[in-house]
Amino acid sequence: AGCSRNGEYPECSVLLVPYVPLSVASLPQVRATHPDCAVIFYFQEQEAKCLQLIRSESQNPVLPERPGLQGCLTEWDGVSCWSAMHVGQSQAVACPDIRHVFKKSKALIRRNCTESGWSFPSPPYYSACELEVIGNSNNMDSEKGYFVTMKALYTCGYSTSLAALFLAIGIFSCFRKLHCTRNSIHIHFFTSFILRGTAVFIKDSILFSNESIDHCTMSNVICKAAITFFHYSVLANFYWLLVEGVYLQTLLLRTFTSDKMYIWWYILIGWGVPTLTVCMWVITRLQYDNHGCWDDYTSLYRWVIKAPILLAIFVNFLIFLNVIRMLAQKICSLDISQNYKQQYMRLTKSTLLLIPLFGVHYMVFALFPEHIGVDARLYFELVLGSYQGFLVALLYCFLNGEVQAEIKRNWGKWQLSMASNIFNLATQDFTA
């Protein structure tokens, strides 16, 4: 099983790669997208080279055609390419050199050229070439069950998050008293989570809905658009978290300044920077690395997306430290009214919890190679990551005292209105 890091991000999708037969047709030159695809691409590349050698030898024979002097032509046996030889000669090849797949073995596989053709490989590939142990079990059924369970968990997580986020946006939009710059920023932040969850479902439906799909060589406009949309949503998600941190710091620095003047700068940061970054990434991929479905994490061009995310996390961490320092000064200050202190505390509790929660594990995993800590990475990025939207809605909306008070006030007004209507109907019936 492999993991589409969805561009290195805190989401990755489960991939169960089917067996892809090696055809004798011309093979697309694509780069490894997933760890399992590296095996397929390796054999495709070796087969393509062997077939090219066979075609060249058909035009310029390397074995002289003389009576009584026969030989074995170049042959591809599905694993290795055996060069043309005369009868009585033998040839030896090493095991396929695929990192993290086959163990380094000094064993050689030999084949003899006989009058009836090439002999069988000796020893057989399956005994000479030992596979690397991946994980704690080689049982494919248990591995498949594990990833199916993982997919069910993150699907449930994203569904729960989307429902909570839509409800939170509805609450902020319906109640006029909740219309302010702070809640407008929250709505944009919620929207970025909705885009992120939607992008995961879209990517899964296009790339991973059917096991018969050739994930390794899939390359079309639809799948590239899905990956591009996913990258954009993840970038927007991190940059709106950055906006939340910047807004909190601005609120602490400029207590008596209207924050409406900054809203367009916040929108420019939250949506504009991801748009510019993704456009640069698309142009770069089209120009220099237009291979596969663009969901590979082996390409160096992934840093066009990854670097801005790491930058946003780093800046947020600095804001995190600075806000703690300023908050201690503000709370201890006698010049700040009680209402402002309560406002600081409400927003600070939510934002300071989210900044380390969203970025710390990503910073840690970014420093290690992709094949290290796969189980922990999957757990954090798939299962826990899918519930982040629900946590955001919970902190900024459902547990917000201002929101709860407004809901109670409107609920009381609605009950009074309903009671008044019932009384009027009963009075009309009595007078009639």
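Labelled according to an unreviewed UniProt entry, the protein appears under the name VIPR1 protein, originating from Nothocercus nigrocapillus. The heading Sequence similarities (unreviewed entry) in the UniProt record of the protein holds the text "Belongs to the G-protein coupled receptor 2 family." Heading Subcellular location (unreviewed entry) of the UniProt record for the protein holds this comment: "Cell membrane".

Undergrad: How would you explain the packing of aromatic side chains if you had to name every residue and give the values?
TA: To describe a pair of aromatic rings, one takes the distance between the centres and the angle between the planes. Within the structure shown, the criterion is met by 13 aromatic pairs. Each ring, one from tyrosine 288 and one from tyrosine 301, has its centre 6.2 Å from the other, and the planes form 15 degrees; the classification is stacked. Remark: tyrosine 301 occurs in the loop between helix H6 (263-288) and helix H7 (303-332) and tyrosine 288 occurs in helix H6; sequence separation between them is 13 residues. Using a relative accessible area of 55% as the deciding quantity, one classes tyrosine 288 as exposed. An aromatic cluster of at least three residues, connected via ring pairs, comprises Tyr154, Tyr158 and Phe201. Over the ring of phenylalanine 230 we find lysine 203; its NZ or CZ atom is 5.2 Å from the centre of that ring. Between the NZ or CZ atom of lysine 306 and the centre of the ring of tryptophan 303, over which it lies, the distance is 4.7 Å.

Undergrad: Residue-level account of the sheet that holds strand S8 (residues 108-114), with values.
TA: The strand order across the open sheet formed by three strands is S7-S8-S9, and the pairing between neighbours is antiparallel. The two strands at the open ends of the sheet, each matched to only one other strand, are strand S7 (90-94) and strand S9 (117-118). Pairing between S7 and S8: five bridges, direction antiparallel. From the neighbouring strand, alanine 92 faces S8, where its bridge partner is arginine 110.

Undergrad: Quick rundown of the packing of helix H4 (residues 181-207) against helix H10 (residues 388-398)? Include the residues and the values.
TA: One way to put it is that H4 packs onto H10 with a least axis distance of 10 Å and a crossing angle of 165 degrees. One way to sum up the angle between H4 and H10 is to call them roughly antiparallel. Here H4 and H10 pass one another in a crossing that is left-handed. In contact with His186, Phe189, Phe190, Phe193 and Arg196 of H4, H10 contributes Gln388, Gly389, Val392, Ala393 and Tyr396.

Undergrad: Give a description of the state of the cysteines that names residues and reports values.
TA: The final tally for this structure, using the stated rule, is four disulfides. The disulfide partner of cysteine 50 is cysteine 81, and the S-S distance across this bridge is 2.1 Å. On the sign convention where negative is left-handed, the bridge of cysteine 50 and cysteine 81, at about 70 degrees about the S-S bond, is right-handed. Of this pair, cysteine 50 sits in helix H1 (residues 35-59) while cysteine 81 sits in strand S5 (residues 81-82); the two residues are 31 residues apart in sequence, bridging distant segments of the chain. By relative accessible area, which is 1% here, cysteine 50 ends up buried. Judged by its relative accessible area of 24%, cysteine 81 falls in the partly exposed class. At a sulfur-sulfur separation of 2.2 Å, the disulfide partner of cysteine 95 is cysteine 129. Taking the torsion about the S-S bond as the criterion, the cysteine 95 to cysteine 129 disulfide, at about -95 degrees, is left-handed. Taken as a pair, cysteine 95 in the loop between S7 and S8 and cysteine 129 in the loop between helix H2 (125-128) and helix H3 (140-174) lie far apart in primary sequence, 34 residues in all. Summarising the burial analysis for this pair, cysteine 95 and cysteine 129 share the class buried.

Undergrad: Could you give an account of the UniProt feature "transmembrane region" (unreviewed entry) in the protein, naming the residues involved and the relevant values?
TA: Residues given the UniProt feature "transmembrane region" (unreviewed entry) here are residues 152-175, 187-209, 229-251, 263-283, 303-324, 351-372 and 378-399. The span residues 378-399 is 91% helix and 0% strand, and its two end C-alpha atoms sit 29 Å from each other.

Undergrad: Residues and numbers for the environment of phenylalanine 147, please.
TA: Mapped onto the elements of the fold, phenylalanine 147 is located in helix H3. A relative accessible area of 8% places phenylalanine 147 in the buried class. Taking the C-alpha atoms as reference points, phenylalanine 147 and leucine 378, 231 residues apart in sequence, are found 9.6 Å from one another.

Undergrad: Help me get a handle on unusual backbone geometry, residues and values and all.
TA: The peptide bond linking serine 122 to proline 123 adopts the cis configuration, its omega dihedral lying at -10 degrees. With respect to the helices and strands, the residue proline 123 is situated in the loop between S9 and H2.

Undergrad: Would you mind going over the pattern of salt bridges in detail, with residue names and values included?
TA: Counted under the stated rule, the structure contains six salt bridges. The shortest N-O distance in the salt bridge between aspartate 289 and arginine 285 comes to 3.5 Å. Each member of the pair, aspartate 289 as well as arginine 285, carries the same accessibility label: buried. Look at the salt bridges and you will find they share partners, linking Glu75, Asp77 and Arg111 into a network.

Cut-offs used in this document
- Residues numbered from 1 in each chain as written.
- Predicted model: local features only at pLDDT ≥ 70, side-chain atom pairs only at ≥ 80, totals over all residues.
- Heavy atoms only, no water.
- UniProt positions renumbered as here; feature names shortened; annotations may be inferred.
- Phe/Tyr/Trp six-rings, centres within 6.5 Å; stacked < 30°, edge-to-face > 60°.
- Helix = DSSP H or I, 4+ residues; strand = E, 2+ residues; numbered from the N terminus.
- Buried < 20%, exposed > 50% of the residue type's maximum accessible area, 1.4 Å probe, protein only.
- Lys NZ or Arg CZ within 6 Å of the ring centre and 35° of its normal.
- Pairing = 2+ DSSP bridges.
- Axes fitted to C-alpha atoms, helices over the stretch in contact; angles between N-to-C directions.
- Parallel < 35°, antiparallel > 145°, perpendicular 65-115°, else oblique.
- Left-handed = near helix turned anticlockwise from the far one by under 90°.
- Contact = heavy atoms within 4.5 Å.
- Disulfide = S-S within 2.5 Å.
- Salt bridge = Lys/Arg side-chain N within 4 Å of Asp/Glu carboxyl O.

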